[in-house]
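In case you want the letters, here they are:
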Amino acid sequence: MTETRPEDWAAVVEELERLLKLRSVVFCMKLFERRAEMEAIARIRRPQHVHTLDQVVGQASRLGWTVGVTADDLVGAQCRAVVGLGAAKTDAWYSGQHMAGVWFSSQADAGAHQAAMHCVPDGRYEALAVGPLAGRLGTPDIALFYATPGAMIYFINGLQWSGYKRFDWSVVGESACADSWGRALSRREASLSIPCFAERRYGGVLDDEMLMALPPDQLIKAIEGMRALAKNGFRYPFAQYGVQQDVRAGMAVSYPDRAP
């Protein structure tokens, strides 16, 4: 699939919002090897306070801001480690000592959690920018959006319309950003997550929202798939049929060979 020009992302976002009835901004992340490259982005916002990365993501997805961060802007090693900033993955980080007795019953459990996280390797990047996909970051490393479970399965159906593949995703638990942007940045694969406590408490994520992160060209593939599904009568939101109706009439709409 050819790369979408930056000026086309607005059309991609508009179509995604139409198909999935999204309630928040489709946003993106871009890593920079040099801090100066991030700071050169026109009108980039720089945090005035120490934040979690969840808060920065919330500023992009809820407020439409374009925000650039370095390791010093983030509250600690857990946020930094997922996106590979600040050489955060030390022996102390891998031990999980800061989570033992908080999220996990033992040091061994906490260490196992740290080892299970998908993270960008340390040492290559100095900065990260997060902002609307239809914004000033050009073609980013990954695109992300929040949606309901119903919208997410429809989006996944779109991804699977052609070139089918089975998706296998993990749930690391707390620090679930490793399941979404950590996995997508490090593996360049579509990555679905159930947002964790920190994302909901500090990032403003709603109870009924899931998070998808993926290379931006895969948005186009999914949109093409959802358009094809719509022609077959499959659209989001899904019309409720009723738990006591004779199912044959409904099935006949989607599967003509099931007609009564």
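Details of the structure are given in the entry above.
Residues numbered from 1 in each chain as written. Predicted model: local features only at pLDDT ≥ 70, side-chain atom pairs only at ≥ 80, totals over all residues. Heavy atoms only, no water.

A.B. asks: Please clarify how the packing of aromatic side chains should be interpreted in this entry.
C.D. replies: Two aromatic rings are characterised by how far apart their centres lie and by the angle between their planes. If you walk through the whole model with that rule in mind, you get seven aromatic pairs. Seen in terms of ring centroids, Phe27 and Tyr146 are 5.9 Å apart; in terms of plane orientation they differ by 25°. Their pairing is stacked. Of this pair, Phe27 sits in strand E1 (residues 27–32) while Tyr146 sits in strand E4 (residues 142–147), placing them 119 residues apart in sequence. With a relative accessible area of 3%, Tyr146 lands in the buried category. An angle of 10° between the planes, with centres 5.0 Å apart, marks the rings of Phe167 and Trp169 as stacked. Each residue in the set Tyr154, Tyr236 and Phe238 is aromatic and connected to the rest through ring pairs, giving one cluster. In this arrangement the basic side chain of Arg45 is found over the ring face of Trp65, its NZ or CZ atom lying 3.9 Å from the centre. The aromatic ring of Tyr146 is capped on one face by Arg62, whose charged end is 4.8 Å from the ring centroid. (Phe/Tyr/Trp six-rings, centres within 6.5 Å; stacked < 30°, edge-to-face > 60°. Helix = DSSP H or I, 4+ residues; strand = E, 2+ residues; numbered from the N terminus. Buried < 20%, exposed > 50% of the residue type's maximum accessible area, 1.4 Å probe, protein only. Lys NZ or Arg CZ within 6 Å of the ring centre and 35° of its normal.)

A.B. asks: Any chance you could explain the sheet that holds strand E3 (residues 127–132) here in plain terms?
C.D. replies: Within a sheet, each strand pairs with its neighbour through backbone hydrogen bonds, oriented either parallel or antiparallel. Reading across the sheet, the six strands line up as E2-E3-E1-E4-E6-E5 and stay open at both edges, with antiparallel pairing between neighbours. The open sheet has two edge strands with one neighbour each: strand E2 (67–69) and strand E5 (191–193). Mean inter-strand twist for the sheet, computed between neighbouring axes without regard to direction, equals 20°. One ladder, built from five bridges, connects E4 with strand E6 (residues 210–214); its direction is antiparallel. In the strand pairing of E6, Ala147 is matched with Met210. (Pairing = 2+ DSSP bridges. Axes fitted to C-alpha atoms, helices over the stretch in contact; angles between N-to-C directions.)

A.B. asks: Teacher, can you tell me more about the nonpolar core here?
C.D. replies: Taken as a class, soluble globular proteins show a tendency for nonpolar side chains to be buried jointly. Membership of the largest hydrophobic core comes to 40 residues, with the highest contact counts inside it found for Leu16, Leu20, Phe145, Phe155, Met212, Leu219 and Met226. At the level of secondary structure, the elements contributing two or more residues to this core comprise helix H1 (9–20), E1, E3, E4, helix H7 (149–159), E6 and helix H10 (217–231). When residues of this core are assigned to their parent elements, the largest contribution, seven residues, is made by H10. Among residues more than four places away in sequence, those in contact with Met226 are Leu16, Leu19, Leu20, Tyr154, Phe155 and Gly158. Core analysis: the next-biggest nonpolar cluster, separate from the first, contains 36 residues, Leu85, Val120, Tyr125 and Leu211 among them. (Core = buried A, V, L, I, M, F, W, Y, C linked by side-chain atoms within 4.5 Å. Contact = heavy atoms within 4.5 Å.)

A.B. asks: Could you clarify how one ought to interpret the environment of Gly204 in this entry?
C.D. replies: Structurally, Gly204 is set in the loop between helix H9 (197–203) and E6. Under the relative-accessibility criterion, Gly204 is labelled partly exposed at 36%. For the pair formed by Gly204 and Glu39, sequence separation is 165 residues and the distance between their alpha carbons is 26 Å. Excluding residues that lie within four positions of it along the chain, Gly204 makes contacts with Arg62 and Glu199.

A.B. asks: Looking at this structure, I do not really get the side chain of Ser193. What am I missing?
C.D. replies: With respect to the element layout, Ser193 can be found in strand E5. The contact partners of Ser193, leaving out residues within four places of it in the chain, are Ala176, Asp179, Ser180, Met210 and Leu211.

A.B. asks: What's the story with the pairing of E3 in this structure? I'm lost.
C.D. replies: If a strand is regular, its side chains alternate between the two faces of the sheet. With respect to burial, E3 is a largely interior element, six of its six residues being buried. Sheet topology places E1 next to E3; six bridges connect them, and they run antiparallel. Looking at E3, one finds that Lys30 is bridged to Ala129. As judged from the three bridges shared by E2 and E3, these two strands associate in the antiparallel manner. By the bridge assignment, Gly68 is partnered in E3 with Ala129.

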